[in-house]
Amino acid sequence: MATDYDAPRKEQEEQSEESIEELKARRHDKNSGKVDEDEVEAAESFELPGADLSHEELAVEVKPEQSDEFTCMSCFLVHHRSQLADPKKNICRDCA
């Protein structure tokens, strides 16, 4: 927004009165065109580019925790024992 530095300055009270009136007018303008949209309906109509993967299943091999690993009690990720910051609380270095 351009500012005219040569224009006479307004007093503080005049500026606040005008700005309050402007804000009230803007608030009514914004509310008049507002449309409630259901987020679930919007998400259902949204499609990602590429192939349709809705009927695909993931095949991931899940292995049990190894003897040299631990599960962090803060972030619940499995880390190597070298990342253990607090052995009593089982917290990794990233969370400590």
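Details of the structure are given in the entry above.
Since the structure is predicted, the reported quantities are computational estimates derived from the model, not experimental observations.

Novice: What am I meant to see in the overall build of the protein here?
Specialist: A count of helical and extended segments in the protein gives 2 helices and 4 strands. Counting from the amino terminus, the protein carries its helices and strands in the arrangement α-α-β-β-β-β. Here the protein, with 96 residues, has 5% of them falling under the buried criterion. For the protein, long-range pairs separated by at least 24 residues make up 0% of all intrachain contacts whose partners lie at least 6 apart in sequence. Of the accessible surface of the protein, which amounts to about 9700 Å², a share of 50% is contributed by carbon and sulfur atoms.

Novice: Please clarify how the environment of phenylalanine 70 should be interpreted in this entry.
Specialist: Structurally, phenylalanine 70 is set in strand β1 (residues 69–71). Sequence separation between phenylalanine 70 and serine 82 is 12 residues; the distance between their C-alpha atoms is 9.7 Å. Ignoring anything within four residues of it in the chain, the contact list for phenylalanine 70 reads Glu65, Leu77, Val78, His79, His80, Arg81, Gln83, Leu84, Asn90, Ile91 and Cys92.

Novice: Looking at this structure, I do not really get the side chain of histidine 79. What am I missing?
Specialist: Take histidine 79: it is sitting in strand β2 (residues 78–80). Among all residues touching histidine 79, those that are not within four sequence positions of it are Asp68, Glu69, Phe70, Cys72, Cys92 and Asp94.

Novice: Looking at this structure, I do not really get a nonpolar patch on the surface. What am I missing?
Specialist: Taken together, the side chains of Leu58, Val60 and Val62 make up a nonpolar region of the molecular surface, amounting to roughly 410 Å² of accessible area. Of the residues examined, valine 60 reaches a relative accessible area of 66% and is grouped as exposed.

Novice: When you look at unusual backbone geometry in this model, what are you seeing that I'm missing?
Specialist: Peptide bonds are mostly trans, and most non-glycine residues show a negative phi. Of note, phenylalanine 76 is a non-glycine position whose phi angle comes to about 60°, a positive value. Checked against the element boundaries, phenylalanine 76 lands in the loop between β1 and β2. Residue class for phenylalanine 76 comes out exposed when judged on its relative accessible area of 57%. Its identity is not glycine, yet asparagine 90 carries a phi of approximately 55°, on the positive side.

Novice: Looking at this structure, how should I read the environment of serine 67?
Specialist: Looking at the element boundaries, serine 67 is found in the loop between α2 (39–45) and β1. Separated by 13 residues in the primary sequence, serine 67 and histidine 80 place their C-alpha atoms 9.3 Å from one another.

Novice: Would you explain a negative patch on the surface in this entry?
Specialist: On the surface, Asp38, Glu39, Glu41 and Glu44 cluster together into a negatively charged patch. Relative to the helices and strands, aspartate 38 is located in the loop between α1 (12–32) and α2.

Novice: I tried to follow the state of the cysteines on my own but got confused; where do I start?
Specialist: Between two cysteines, a covalent bond joining their sulfur atoms is known as a disulfide. This structure, assessed with the given rule, holds 0 disulfides. You can see cysteine 72 has no disulfide; the closest cysteine sulfur is in cysteine 75, sitting 3.6 Å from it. No disulfide involves cysteine 92; its sulfur sits 3.6 Å from that of cysteine 95, the nearest cysteine.

Analysis parameters
Residues numbered from 1 in each chain as written. Predicted model: local features only at pLDDT ≥ 70, side-chain atom pairs only at ≥ 80, totals over all residues. Heavy atoms only, no water. Helix = DSSP H or I, 4+ residues; strand = E, 2+ residues; numbered from the N terminus. Buried < 20%, exposed > 50% of the residue type's maximum accessible area, 1.4 Å probe, protein only. Contact = heavy atoms within 4.5 Å. Areas by Shrake-Rupley, 256 points an atom, 1.4 Å probe, with all protein chains shown as cover. Patch = residues over 30% accessible without salt bridge, like charges linked within 9 Å, V, L, I, M, F, W, Y side chains within 5 Å. Salt bridge = Lys/Arg side-chain N within 4 Å of Asp/Glu carboxyl O. Lys, Arg positive; Asp, Glu negative; His and termini not counted. Charge placed at Lys NZ, Arg CZ, Asp CG, Glu CD. Disulfide = S-S within 2.5 Å.

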